[in-house]
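Fold and contact review
The lines below spell out each chain.
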Amino acid sequence: MQDILGVAVFTAVEAVLLFTGKCVIRLASLGHWREENPDRIESRVFAAAGAFSFKRDGQRVFTFNGLLVAGILFYALVACALVWHLS
């Protein structure tokens, strides 16, 4: 039972981080950059191994790993701002 709960929590956290990363990238670039298609084939063809983003047809495309990093960085900056504000 704990294994199933752990997988569910991990999936939920990953989905929140992906959605946050998607929103951060869209807001930071004012819509000029985009995220990778959900099938993940695009990064296998156009990106180097382990890349967070790549250029395709002159447009910056963020991979799922890049979106996760953007989401994690957003929440880390929010936590640092809260700590700084409260101290």
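Computed from a prediction, not measured in an experiment: that's the story for all the values here.

**Focus on unusual backbone geometry**
A positive phi is found at Leu30, a non-glycine position, where the angle reads about 55 degrees. Note on placement: Leu30 falls in the loop between helix 1 (2-29) and strand 1 (34-35). The residue Asp57 is not glycine, and still its phi comes out positive at about 55 degrees. Looking at the element boundaries, Asp57 is found in the loop between strand 2 (53-56) and strand 3 (59-62).

**What about the pattern of salt bridges?**
A full pass over the atoms with the stated rule returns one salt bridge. A salt bridge links Arg26 to Glu35; its shortest N-O distance comes to 3.1 Å.

What counts, and where the lines are drawn
- Residues numbered from 1 in each chain as written.
- Predicted model: local features only at pLDDT ≥ 70, side-chain atom pairs only at ≥ 80, totals over all residues.
- Heavy atoms only, no water.
- Helix = DSSP H or I, 4+ residues; strand = E, 2+ residues; numbered from the N terminus.
- Salt bridge = Lys/Arg side-chain N within 4 Å of Asp/Glu carboxyl O.

No statement about biological role is implied by the geometric values presented.
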